[in-house]
Amino acid sequence: MTKRVAFAQLSSCWGCDQSLVDLHFSLLEVLPQLEILYWPAVVDFKLKDLEGLPDKSVHVGFVEGSCRTENDLHLLKVMREKSKLLVAWGSCSCFGGVQGLGNQWTLSQLTDTKFFKPETVVNPRLPTENVPAFLDKVAPNPQHVPFDIILPGCPPSSKNTFDAVTALLTGAPFDLPQKTVCDQCTRTREEKRIKKFRRTHEGKIDPKKCILDQGYLCLGFATIGFCGAQCPAANAPCKGCFGPPPGVKDHGAKIISALGGIVEMEPEELRAAFPDPIGSFYFVDYAASYLSRITSKEDSKK
Ligand code: SF4
Ligand code: SF4
Ligand code: SF4
């Protein structure tokens, strides 16, 4: 029996969809088993096509991106109504994603920066025609509606998506691993004592030794091991794009507490090493963090 599926795109970069398309010929193995009811990124569907479906008539709905606009939120709610199983597909959907970093500022600060302050903008004004209203903040989609499966990654690898789709088609269980990227990494490690952090353009990363041991911020120790440690394998530090392993409630807090145990630097030196600590420690999941919920730059000025 074919499975009726829908793919919805909220505010996002389309990278998760691209990751699925990157399956190339492997996609041909699963496509005959799928009846695609909605996938506007690839096929010319309109929102009314999705809205017109009976409730729970979609076997599996995939949601990419997070809610930055009221239209996003409407689409998310329609996907929940129409889908038996709803998958948060990618770190934007699971945690708010890169656009969640905007929660550091108020909506008026963000729109000022985008529409009024750039020197290249002529006749600055807030566009009102054919533009959906913005939401005040970005929240992880599971805070808006219940989800059945979380599939993080920025983007999830093509293999992750293929495995998830296959499991959903066959009814096999699909659980996130408990391990970290470090557990998947083959580099040799020493007892860590970090006296200085370096940016990736400073010096050359030794391809055999732990990148963090060499003073480059590699977040594999606090990041779910789901990608096969693909960045360290390519001689690049892990940026934490898959978010934390199950059970870790706040990714950045986990990173900061772990670094506190291994770094031998003065607070001022650390501050200078990370001029954008939120961007460094919460690359994809600031909207899901405790910090995002308790403060904003505007609040902290009061
Ligand atoms: S999770 Fe990453 S790849 Fe997927 S839509 Fe968001 S930003 Fe793009
Ligand atoms: S910190 Fe990075 S380089 Fe070091 S073991 Fe973990 S993933 Fe590998
Ligand atoms: S190694 Fe880290 S940054 Fe690279 S894909 Fe995996 S989780 Fe993302």
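Each remark here, short or long, concerns the structure printed above.
Residues numbered from 1 in each chain as written. Chains lettered and ligands numbered in written order. Predicted model: local features only at pLDDT ≥ 70, side-chain atom pairs only at ≥ 80, totals over all residues. Heavy atoms only, no water.

Caption draft 1: Looking closely at the layout of surface pockets. Estimates place the volume of the largest pocket at around 430 Å³. What lines the largest pocket is a set of 18 residues, and nearest its centre among them are Arg199, Leu217, Lys239, Phe274 and Ser280. Listing elements by their share of the lining of the largest pocket, those giving two or more residues are helix H11 (267-273) and helix H12 (277-281). Partitioning the lining of the largest pocket into residue classes produces 10 nonpolar, three polar and five charged. Around the second largest pocket, the lining comprises 23 residues; the ones closest to its centre are Cys94, Phe95, Pro244, Val248 and Ala288. (1 Å grid on protein atoms, 1.4 Å probe; cavity = no way out; pocket = protein on both sides within 12 Å on 5 of 7 lines; lining within 4 Å. Points joined across faces, edges and corners; volume = space filled by probe spheres on them. Helix = DSSP H or I, 4+ residues; strand = E, 2+ residues; numbered from the N terminus. Nonpolar A, V, L, I, M, F, W, Y, C, P; charged D, E, K, R; others polar.)

Caption draft 2: Summary view of the site of ligand 2. The immediate surroundings of ligand 2 are formed by Val181, Cys182, Cys185, Arg187, Arg189, Cys210, Ile211, Leu212, Cys218, Gly220 and Pro232. Residue composition of the shell around ligand 2, by class: eight nonpolar, one polar and two charged. (Near = heavy atom within 4 Å.)

Caption draft 3: The arrangement of the pattern of salt bridges in detail. Applying the stated criterion across every chain yields a total of eight salt bridges. Put simply, Lys82 and Asp55 hold a salt bridge, and the shortest N to O gap is 3.0 Å. Of the two residues, Lys82 is situated in helix H4 (residues 70-82) and Asp55 in the loop between helix H3 (47-51) and strand E3 (58-64); the sequence distance between them amounts to 27 residues. The class of Lys82 is buried, set by a relative accessible area of 5%. Here Glu264 and Lys195 are joined by a salt bridge, their closest N and O atoms 2.9 Å apart. Taken as a pair, Glu264 in the loop between helix H10 (251-262) and H11 and Lys195 in the loop between helix H8 (181-184) and helix H9 (230-233) lie far apart in primary sequence, 69 residues in all. Taking relative accessible area as the criterion, Glu264 reaches 39% and is therefore assigned partly exposed. When its relative accessible area of 56% is taken as the criterion, Lys195 is described as exposed. Look at the salt bridges and you will find they share partners, linking Arg193, Lys195 and Glu264 into a network. (Salt bridge = Lys/Arg side-chain N within 4 Å of Asp/Glu carboxyl O. Buried < 20%, exposed > 50% of the residue type's maximum accessible area, 1.4 Å probe, protein only.)

Caption draft 4: Fine view of H10. Taking 1.5 Å of rise per residue, 12 residues should cover 16 Å, and H10 covers 17 Å from first to last C-alpha, within 8% of that figure. Those residues of H10 not exposed but buried are His251, Gly252, Ile255, Leu259 and Ile262. An end-on view of H10 places all buried positions within 95 degrees of arc, on one side of the element. Facing away from the buried side of H10, by more than 90 degrees, are the exposed residues Ser257 and Gly260. Tucked into the core, H10 has its buried residues touching H12. Residue Asp250 occupies the N-cap position of H10, its side-chain oxygen lying 3.3 Å from the main-chain nitrogen of Gly252. (Expected span 1.5 Å × (residues − 1). Arc of directions from axis to C-beta. Contact = heavy atoms within 4.5 Å. Polar contact = N/O pair within 3.5 Å; in protein donor to acceptor, adjacent residues only side chain to side chain.)

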